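Results of the structural survey
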Amino acid sequence: MLEQRIQQHFIDSADLKYQAAPLLSKPIADAVQALLTCVTSGGKVLICGNGGSAADAQHFAAEFVGRFERERPELAAIALTTDSSILTAVANDYGFSVIFSRQVRALGQAGDVLLAITTSGNSENVLKAIEAAHEREMVIIGLSGRGGGKMTRALRDTDVHICVPHDRTARVQEVHLLTLHCLCDAVDDLLLGDTESTL
Ligand SMILES: O=C(CO)[C@@H](O)[C@H](O)[C@H](O)[C@H](O)COP(=O)(O)O
Ligand SMILES: [Zn+2]
C-alpha cells in the first residue's frame, strides 16, 4: 500500500539517523573545528557535488553567506555548481571530470576548505577537486556514504571524512543535509556563544 511505503521511508530515515549519531558526531565536530579555523583566519569554503549533492552545496553556501538560525556576520562560501558559463565552458573544452578541479585551482588558497560531497564516494569530478585542493594546501571535509568509495583513499590524515553508514543514495543524502545543518549550528554556537536564536 502506498501510505505504508511512504511511512517506511520515514522509519528508515529516522533509524539511520539514530544509528549514525554516535558514529558521526566526532568527525562532524572535527569538521566544525576545520571550518572555524578557516573562517576566523580569513579563509573561504568551496563546495562541490553532483545532482542532489549540488543542491546541498548551494544550500550550505546560502546558510554561510546568508544565515542559519541566528544573526551573525557573513561567512565566505562558494558553491562550485552554479556558474553555468564556467561549467559549460570547462566541460565542453576539457571534460566534465574537471568542472570542479579547475575552479578549485582558480579560487582555492592555502587555509581554505573544500567541502566535497558524493554519496558513492566515486564521482570523478569530486575526486579531482580533492586532488586540486591538496595542491592548493586546503583542508578537505569529505561527505560520503556506501563505505566511502574512492574518497577514502583520496583523503589525507589532515582531512575529515564523514561517511554515512548506508548504501542507498537517498538515505545518505538525508544524513548529509542533517550534517550540513549541524555544521552551521555548531559554527554559529562557537562564534556567537550561547545567544538566543532570533528566527
Ligand atoms: O539526488 C539524487 C538521488 O537522490 C541524484 O540526483 C544523485 O545526486 C545523482 O545521481 C548524482 O550524480 C550521484 O552522484 P554521487 O552522490 O555518487 O557523487
Ligand atoms: Zn535526490
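Residues numbered from 1 in each chain as written. Chains lettered and ligands numbered in written order. Predicted model: local features only at pLDDT ≥ 70, side-chain atom pairs only at ≥ 80, totals over all residues.

Overview of the site of ligand 1
The condition that has to hold: Here is the check we use: build the C-beta atom from the backbone, and if it is within 6 Å of the molecule or strand, call the residue near. Counting from the N terminus, the helices are DSSP H or I runs at least four residues long and the strands are E runs at least two residues long. For this classification, the nonpolar set comprises Ala, Val, Leu, Ile, Met, Phe, Trp, Tyr, Cys and Pro, the charged set comprises Asp, Glu, Lys and Arg, and every other residue, Gly included, is treated as polar.
If you check the shell around ligand 1, you find Asn50, Gly51, Gly52, Ser53, Thr118, Thr119, Ser120, Ser123, Val126, Thr169, Ala170 and Gln173 and nothing else. Counting only elements with at least two residues in the shell around ligand 1, the list comes to α2 (52–65) and α7 (169–192). A per-element tally of the shell around ligand 1 places α7 first, with three residues. Looking at the shell around ligand 1 residue by residue, the classes come out as two nonpolar, ten polar and no charged.

With respect to the UniProt feature "binding site: Zn(2+)" (unreviewed entry) in the chain
Defined as follows: UniProt positions are given in the numbering used here, feature names are shortened, and annotations may be inferred rather than shown by experiment. We call two residues in contact when their backbone-placed C-beta atoms lie within 7 Å.
This chain's UniProt record puts "binding site: Zn(2+)" (unreviewed entry) on His59, Glu63, Gln173 and His181. Positionally, glutamate 63 belongs in helix α2. Excluding its chain neighbours within four sequence positions, the residues that come into contact with glutamate 63 are Phe68 and Cys184. Along the chain, the position of glutamine 173 falls in helix α7. Setting aside residues up to four positions removed in sequence, glutamine 173 forms contacts with Gly52 and Thr119.

Details of the nonpolar core
Selection rule: Only buried residues count toward a nonpolar core: Ala, Val, Leu, Ile, Met, Phe, Trp, Tyr and Cys, linked into one set through C-beta atoms within 7 Å. To assign burial, the other C-beta atoms lying within 10 Å of each residue's own C-beta are counted, with C-beta atoms placed from the backbone; 20 or more indicates buried, 12 or fewer indicates exposed, and intermediate counts indicate partly exposed.
Membership of the largest hydrophobic core comes to 57 residues, with the highest contact counts inside it found for Leu35, Ile47, Cys48, Val113, Leu114, Ala129 and Ile130. With ten residues, the single largest contributor to this core is helix α1 (residues 2–40). Aside from chain neighbours lying at most four places away, what touches leucine 114 is Leu46, Val104, Ala129, Ile130, Ala133, Met138 and Ile140.

Description of the packing of α1 against α7
As a reminder of what qualifies: Whenever a helix is involved, its axis is fitted only over the stretch in contact; in every case the axis is a line through C-alpha atoms, and angles between N-to-C directions fall within 0 to 180 degrees. Note that the term roughly parallel is reserved for angles under 35 degrees, roughly antiparallel for angles over 145, roughly perpendicular for angles of 65 to 115, and oblique for everything else. What makes a crossing left-handed is the near helix being turned counterclockwise from the far one by less than a right angle; a clockwise turn instead makes it right-handed.
At a closest axis distance of 9 Å, the pairing of α1 and α7 adopts a crossing angle of 40°. Judged on the interaxial angle alone, α7 and α1 are oblique. The hand of the α1/α7 crossing is right-handed. Here Asp12, Ser13, Leu16, Lys17, Ala20, Leu24, Ile28, Ala31, Val32, Leu35 and Leu36 of α1 come into contact with α7, specifically with Arg171, Glu174, Val175, Leu178, Thr179, Cys182, Leu183, Ala186, Val187 and Leu190. Taken together, the residues of the contact of α1 with α7 break down into 15 nonpolar, two polar and four charged.

With respect to α1
Stated formally: Each residue after the first adds 1.5 Å to the expected span of a helix. What the bend at a residue measures is the angle between two axes, fitted to the seven residues ending there and to the seven starting there.
With 39 residues, α1 should cover 57 Å at 1.5 Å per step; its first-to-last C-alpha distance of 49 Å lies more than 12% under that length. Taken as a whole, α1 carries its principal kink of about 55° at alanine 21; the proline proline 22 stands between one and four residues after it. Phi turns positive one or two residues past the end of α1, at glycine 42, with a value near 80°.

Brief notes about the pairing of strand β4 (residues 139–144)
So the rule is basically this: Here the rule is simple: two strands pair whenever DSSP picks up at least two bridges between them. Whether a crossover is right-handed comes down to one check: with the strands pointing away from the viewer, does the path from the first strand over the helix to the second run clockwise; if it does, it is right-handed.
Counting buried residues along β4, six of its six residues qualify, which places the element largely inside the surrounding structure. Side-chain alternation along β4 places Val139, Ile141 and Leu143 on one buried face and Ile140, Gly142 and Ser144 on a second face that is also buried. One ladder, built from five bridges, connects strand β3 (residues 113–117) with β4; its direction is parallel. Bridge pairing in β4 links valine 113 to valine 139. In this fold, the crossover linking β3 to β4 by way of helix α5 (residues 124–135) has right-handed handedness. Looking at chain direction, β4 and strand β5 (residues 160–163) are connected through four bridges and run parallel.

With respect to the sheet that holds β5
The strand order across the open sheet formed by five strands is β2-β1-β3-β4-β5, and the pairing between neighbours is parallel. The sheet is open, and its two borders are formed by β2 (77–79) and β5, each paired with just one other strand. On average, each strand axis in the sheet is tilted by 15° relative to the strand beside it, whichever way the strands run. Set on the sheet, α1 makes contact with β1 (45–48), β3, β4 and β5; between it and β5 the angle comes to about 140°. Against the sheet, α5 engages β1, β3 and β4, with an angle of about 165° to β3.

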